[in-house]
Amino acid sequence: EHALKPVLTAACAVLAIAAGATARASLPAPPAEISALPVSMLYDAGSGQVLEAHRVDQPFLPASITKVMTAYVAFEEIRRGRLKLDQIVTVDAATAALWNGRGTSMYLRAGETVPVDMLLRGIATASANDASVVLAQSHAGSVPAWTALMNAEARRLGMRESRFSTPNGWPDEGATYVSARDLVKLGEALIERHPDLYRRYFGQKRMDWNGVTLTSHDPTVGVVPGADGIKTGHTNEAGYNFLGSARRDGRRLIMVIGGAKTEAERAAAARALLEWGFSAWRARPLFAAGKAVAQARVQDGDARQVPLVARGPLYAAIPVQGEAPVRVTVSYRGPLVAPIAEGAEVARMEIRVEGMAPGVVPLYAGKAVGKAGLLDRLVNGIAGWFA
C-alpha cells in the first residue's frame, strides 16, 4: 500500500512514506459548542496530530485538574517501589483541621487511617482536596516537598508552560498554572505509562467511603461511548475546566477545555468535541502495533541495527470526507550507542497530513542491544567493509 524510500540527512536516518491519494480534502470545521471557549484542544494519540487547537500554549488556572499531576506522581512513585497501594496513612490532626470539608472532601478525620489505594480513589473519582494533601504530606513530608516532585515530573514530560504549587488545585493567587498542550502531555503519559493504574482509578463514576457515596463530575463517562476520564476542575477564578479522554475503534483522543462559563457549557463542549473527533476524522492505518517501522544503526553494539517499533498501532488522522496526502518520516540521532534497553525511547515518527501541523509519536527499541565484545566488533567491522 505504501512506497518506502529510505533517505539520509545530517545526524538523522529518515524513512519517507508517500501514502494514499493526492486529492485535496478540506479540514472539518470544529463543533459550534466550543466556539466561545477561552481554551480548547483535541489531540489524536495514535497519530500525534492536533485536530483542534485554540490558545493551547496560553497558561490558565487548572483548579482540580491539578490532581492529575498528583495522581501521576503517585503512580511514578509506585512504579519506583517507593509507594504501595496497601500502605496505611494516618491523617495528621492539623491537616484534618484545615481540609476536612473544605471544598470537595472525603471528610478525613484526625488520627484516621486510610490506605493509599483509597486516597487515590478519592483523588481521581471524588476530587477530594483533603485526600490530595494527606497523600502529599504523608509521602513527601510536606506539601512543598510534594509539589517539588510534581514540578520535577512536569519538567521530565516537557510541560514548559506549567507550574504546580499545590497538590489539589486550591486557589493560590495564580502560582499554579498549566497550558492545554502541557495537559495533553500529562494525560497521555498517565495513560501510556500506567495503563493498569489509570483504569483502576480514572473513569469511575462513584466511590463509597465511610458509608457515604461520592460521585465524579466527569461529563463524558457513561455518556460518550469509549470515554474513560480524566478529570474536571472548577473554581470561581478558573471557570469550568476538563481534561478528558476516550478510546474508540483503536483510536485514543485526549481533549482539554479551559475556562467554560458554566458546568452545562463544559459538558456540552466536551461531548461535542469528542464526538466530532471520532465522526469527522478517520484513521488511515500506517503500521500495526509492534511492527518494525525502520531499522536504526547501532554503534559499539552486539548487533549493527535495532528495530524501531511503536507501542500501539500507528495511523494518520484524515478527514472522513475526501482524501489527503500523507507523508511520514522516522528520525533519530544516530548512530545509536550501545547498550540499548528494549523499550527505550530512541526515535520519533513525524506524520504530515496536507493542511495540518505535523503529528509526532515516539518510537522504541524493539529489542535489547548489548555492548559489543571483541568478536562482535570484529564481525561488525568486517560487515561494515562490505555494506
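Residues numbered from 1 in each chain as written. Predicted model: local features only at pLDDT ≥ 70, side-chain atom pairs only at ≥ 80, totals over all residues. Heavy atoms only, no water.

**Some thoughts on the sheet that holds strand β3 (residues 39-44)**
Read from one edge of the open sheet, five strands run β4-β3-β11-β10-β9, paired in antiparallel fashion. Every interior strand has two partners, whereas the edge strands, β4 (49-54) and β9 (227-235), have only one. Put simply, the sheet's adjacent strands are angled 5 degrees from each other on average, direction ignored. With eight bridges joining them, β9 and strand β10 (residues 239-248) adopt antiparallel strand pairing. Bridge pairing in β10 links Lys231 to Leu243. (Pairing = 2+ DSSP bridges. Helix = DSSP H or I, 4+ residues; strand = E, 2+ residues; numbered from the N terminus. Axes fitted to C-alpha atoms, helices over the stretch in contact; angles between N-to-C directions.)

**A few points about the nonpolar core**
Met69, Met106, Leu120, Leu135 and Phe202 are the most contacted members of the largest nonpolar core, which totals 58 residues. It is helix α1 (residues 66-79) that contributes the most residues to this core, eight residues altogether. Sequence-distant contacts of Leu135, that is, excluding residues within four places in its chain, are made with Thr70, Ala74, Leu83, Val116, Leu119, Leu120, Ile123 and Trp146. (Core = buried A, V, L, I, M, F, W, Y, C linked by side-chain atoms within 4.5 Å. Buried < 20%, exposed > 50% of the residue type's maximum accessible area, 1.4 Å probe, protein only. Contact = heavy atoms within 4.5 Å.)

**Comments concerning helix α6 (residues 180-193)**
Across its 14 residues, α6 extends 20 Å between first and last C-alpha, which sits within 8% of the 20 Å expected from 1.5 Å per residue. When we look at burial in α6, the residues that qualify are Ala180, Asp182, Leu183, Val184, Leu186, Gly187, Ala189, Leu190 and Ile191. Buried positions along α6 lie against β3, α1, α7 (195-201), β9, β10 and β11 (251-260). (Expected span 1.5 Å × (residues − 1).)

**Points about the packing of α1 against helix α4 (residues 129-140)**
α4 packs onto α1 with a crossing angle of 35 degrees between their chain directions and a minimal axis gap of 11 Å. The two elements α1 and α4 meet at a crossing, and its hand is left-handed. Touching Lys67, Thr70, Ala74 and Glu77 of α1 are Asn129, Ser132, Leu135 and His139, all from α4. Of the residues that constitute the contact of α1 with α4, the class distribution is two nonpolar, four polar and two charged. (Left-handed = near helix turned anticlockwise from the far one by under 90°. Nonpolar A, V, L, I, M, F, W, Y, C, P; charged D, E, K, R; others polar.)

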